[in-house]
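Analysis of the macromolecular model
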Number of protein chains: 2
Amino acid sequence: MKIAIAGAGAMGSRFGVKLQQAGNAVTLIDNWAAHVQAIQANGLVVTKDGHDTVVPMTAALPQDVHSTFDLVILFTKAMQMDHMLQELKAQLSNQPAVLVLANGIGNVETIERYVPQQNIVAGTTVWSSSLTGPGHITVTGTGSISLQAIAPDQFHDLDRIVDTLNGAGLKASPAPDVLAAIWKKAGLNSVLNTYCTLFDCNIAEFGALPNWRELTAGVLEEFQAVAAAANVAFDAQADTDLIAAQFAPDKNGDHYPSMHQDMANRRPTEIDFLNGYVAQLGQKLRVPAPNNALLTQLIHSQEALHGIA
Amino acid sequence: MKIAIAGAGAMGSRFGVKLQQAGNAVTLIDNWAAHVQAIQANGLVVTKDGHDTVVPMTAALPQDVHSTFDLVILFTKAMQMDHMLQELKAQLSNQPAVLVLANGIGNVETIERYVPQQNIVAGTTVWSSSLTGPGHITVTGTGSISLQAIAPDQFHDLDRIVDTLNGAGLKASPAPDVLAAIWKKAGLNSVLNTYCTLFDCNIAEFGALPNWRELTAGVLEEFQAVAAAANVAFDAQADTDLIAAQFAPDKNGDHYPSMHQDMANRRPTEIDFLNGYVAQLGQKLRVPAPNNALLTQLIHSQEALHGIA
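Residues numbered from 1 in each chain as written. Chains lettered and ligands numbered in written order. Predicted model: local features only at pLDDT ≥ 70, side-chain atom pairs only at ≥ 80, totals over all residues. Heavy atoms only, no water.

Chain A has the name 2-dehydropantoate 2-reductase in an unreviewed UniProt entry, where Levilactobacillus zymae is given as its organism. Of the comments in the UniProt record for chain A, the one headed Sequence similarities (unreviewed entry) reads "Belongs to the ketopantoate reductase family." Regarding chain A, the UniProt comment filed under Function (unreviewed entry) reads as follows: "Catalyzes the NADPH-dependent reduction of ketopantoate into pantoic acid." (UniProt positions renumbered as here; feature names shortened; annotations may be inferred.)

Next comes the structure, spelled out in structure tokens:
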């Protein structure tokens, strides 16, 4: 398959390597010029278990991409999604399948502004990766992907995408309710990412707080109420159990969530597509979500204090 | 007058010095043994404008006080108020006037468990002081006191207390509605103390946040609703104006509020008597106060992360 990875940071690069090694023609597309140039000049360096591999790959800035693709995988961060899609208008003209696995709620709504609903596949993934520097990622562990077409009745190509991902060892499987899966992951991130960033702590330290259950309930009970009003299945208790399972040091306990890394590296956070999305949707549907609204404000305050525009 | 200062930290010590220098017999009472011993051994050191003065003063642990007083001024922190009053039962047996100027809401309710209502005077003060070490305070600027008897019809001694305070240069004046004044100061502290602690910033940095008005409104609109249900006058807009007036560097801008100092020095904060009090009272009166409830949780989380029991 001819595949574009739009947003080729840590995760996009990892997926790109695996898909290319399985025989697909992959182009990494990213707006970070230093990253693109490093890959063009030296290949992508992948560090795993302390060992470096250099993988020659095609990489380009969005404006320098002139071909079209069978599949576009969007790994752009939620707040850059709209801009990336604008830049890729020409690449979307042949109506490729567009797969989005990025974190956050509301991505599908953004993509629908540029891509016919019947071409969109959405999902979640628990693969992970770190961008160690321009042209350099560090990867650990394995993961999986759950995905579903947004208009299942009109999308007949899902098997081919699942096969392509599985051919690259990415462990993809169709999900029966992708919106519920997206909300479930967003609920987890809206607790762990948000509080670990606010408190500058890792996941185990959050889990050791005497009041982690109150903090979690404040967020997830509002998620459940807003989801219900939006006809999305969301179970606050199931999400709480999932969160509690991350605390063990041999699970994700010693991990600092990606939002914490964004704040530490002076990058804008995804808060508006996590707690902030639920607060806004709650306002629209007249379901109060004051905890999520305040947490959104608090993270934006912290961004301002860190000089993040 | 024979005056006891119960809770002779930064503020209590400053008041004690001024009242003693005006000719009153003052006893400083405190539970911090090193502080009491330092004053007993060497006097109280007062640093002002870089210049040290040593003031010989009577200081004692609560259990070592055997006399009674005409006036007891409570400067104990809100969370230690109940314990201090228990320890001073013998000193309260002669029914002295009890004046409380400590920060936080709910102090009067605590005092009423030990002192007849008709003996209680409450108020607020904008004097300030820092405890630099055992037996050592550092003072700057001047201040004033607003005070009122809790049962004005039954308390006929207010003039004498006002005169005593003014005789010591403490600029006291009767307030028409002391509860409103206490809530007004608590509203200011529930914004500035709480957010500056949460964000580890000073007052000017809080005031420079693009969303300081949203953060402030979230707290104070709930204050206003709960106050209304409790028949206390509270004007969110007036409190917002008061807060905005603190941002200037030549006002309090470069000041880190006392709660920030408590957190930095690993001492429990007064959050339960600021945002926490309003959240609890709101729950009792069925007026939602989710912002104040969440902020209370967040500060307690931060205390736990700092190892504060």
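So much for the structure itself; the text now carries on.
Looking at the domain arrangement of chain A
Residues and elements named next belong to chain A. Under the domain assignment used here, chain A contains domain 1 (2-175) and domain 2 (179-306). Between domain 1 and domain 2, the C-alpha centre-to-centre distance is 25 Å. At the boundary of domain 1 with domain 2, total buried surface from both sides reaches about 1400 Å², with 60% on carbon and sulfur atoms. Across the contact surface, domain 1 and domain 2 share one salt bridge. For Asp 262, the salt bridge identified is with Lys 77, shortest N-O distance 2.8 Å. Summed over the shared surface of domain 1 and domain 2, the result is six residue pairs in polar contact (both at pLDDT 80 or more). In terms of residue count, strand β8 (residues 120-125) provides more of the side of domain 1 that touches domain 2 than any other element does, four residues in total. Here the residues of the side of domain 1 that touches domain 2 are counted per class, giving four nonpolar, six polar and two charged. (Domains from an automatic or database assignment. Buried area = accessible area lost by both parts, 1.4 Å probe. Salt bridge = Lys/Arg side-chain N within 4 Å of Asp/Glu carboxyl O. Polar contact = N/O pair within 3.5 Å; in protein donor to acceptor, adjacent residues only side chain to side chain. Helix = DSSP H or I, 4+ residues; strand = E, 2+ residues; numbered from the N terminus. Nonpolar A, V, L, I, M, F, W, Y, C, P; charged D, E, K, R; others polar.)

Concerning the interface of chain B and chain A
Across the boundary between the two partners, chain B contributes 20 residues, which contact 20 residues of chain A. Interface area, chain B with chain A, both sides summed: about 1700 Å², of which 74% is carbon and sulfur. The largest contributions to the chain B side of the interface with chain A come from Phe 199, Leu 294 and Leu 305 of chain B, which together make up 30% of the buried area. The tally of links between chain B and chain A comes to zero salt bridges. Every element with two or more residues in the side of chain B that touches chain A is listed here: α6 (178-199), α8 (212-229) and α13 (290-305) of chain B. Sort the elements by how many residues they give to the side of chain B that touches chain A and α13 of chain B lands first, with ten residues. Per-class residue counts for the side of chain B that touches chain A are 13 nonpolar, five polar and two charged. (Contact = heavy atoms within 4.5 Å.)

Observations concerning the UniProt feature "domain: Ketopantoate reductase N-terminal" (unreviewed entry) in chain A
Mapped onto this structure's residue numbering, the UniProt feature "domain: Ketopantoate reductase N-terminal" (unreviewed entry) falls at residues 3-150 of chain A. Counted over residues 3-150 of chain A, helix gives 23% and strand 33%. Its end C-alpha atoms are 20 Å apart.

Observations regarding the packing of α6 of chain B against α13 of chain B
Residues and elements named next belong to chain B. Look at α6 against α13: their axes get within 10 Å of each other, and the N-to-C directions meet at 45°. Of the possible angle classes, the one that applies to α6 and α13 is oblique. Helix-helix and strand crossings are classified by hand; for α6 and α13 the assignment is left-handed. Across from Thr 194, Tyr 195, Thr 197 and Leu 198 in α6, the residues of α13 making contact are Leu 295, Leu 298, Ile 299 and Gln 302. When grouped by side-chain class, the residues that make up the contact of α6 with α13 number five nonpolar, three polar and no charged. (Axes fitted to C-alpha atoms, helices over the stretch in contact; angles between N-to-C directions. Parallel < 35°, antiparallel > 145°, perpendicular 65-115°, else oblique. Left-handed = near helix turned anticlockwise from the far one by under 90°.)

Concerning the relation of the copies chain B and chain A
In this structure, two copies of a chain are linked by a rotation about an axis accompanied by a shift along it. Laying chain B over chain A is done by rotating through 180° and shifting 0.0 Å along the axis; what remains is an RMSD of 0.0 Å. Both chain copies can therefore be described as sitting about a two-fold axis. An overlap of 100% is found between the interface residues of chain B and their copies at the interface of chain A, pointing to a shared contact surface. (Least-squares fit on C-alpha atoms with pLDDT ≥ 70 in both.)

Observations concerning the environment of Asn 275 of chain B
Residue and element names in this part refer to chain B. Inspection of the secondary structure puts Asn 275 in helix α12 (residues 275-285). With a relative accessible area of 0%, Asn 275 lands in the buried category. If sequence neighbours within four positions are ignored, Asn 275 has contacts with Ser 190, Thr 194, Val 219, Asn 292, Leu 295 and Thr 296. (Buried < 20%, exposed > 50% of the residue type's maximum accessible area, 1.4 Å probe, protein only.)

Points about the UniProt feature "domain: Ketopantoate reductase C-terminal" (unreviewed entry) in chain A
According to UniProt, the feature "domain: Ketopantoate reductase C-terminal" (unreviewed entry) maps to residues 177-302 of chain A in the numbering used here. Counted over residues 177-302 of chain A, helix gives 71% and strand 0%. Its end C-alpha atoms are 35 Å apart.

Some thoughts on helix α2 (residues 33-42) of chain B
All names here are of chain B. Listed in full, the buried residues belonging to α2 are His 35, Val 36, Ala 38 and Ile 39. Seen from one end, α2 has its buried residues packed into an arc of 160°, which puts them on one side. Against the buried residues of α2 lie α1 (10-21), β2 (25-29), β3 (44-48), β5 (58-60), β9 (130-133) and β10 (136-139). Once α2 ends, the next one or two residues include Gly 43, with phi positive near 85°. (Arc of directions from axis to C-beta.)

Side note on the side chain of Asn 292 of chain A
Tracing the chain through its elements places Asn 292 of chain A in helix α13 (residues 290-305). Setting aside residues up to four positions removed in sequence, Asn 292 of chain A forms contacts with Gly 218, Val 219, Glu 222, Phe 223, Asn 275, Val 278 and Ala 279 of chain A.

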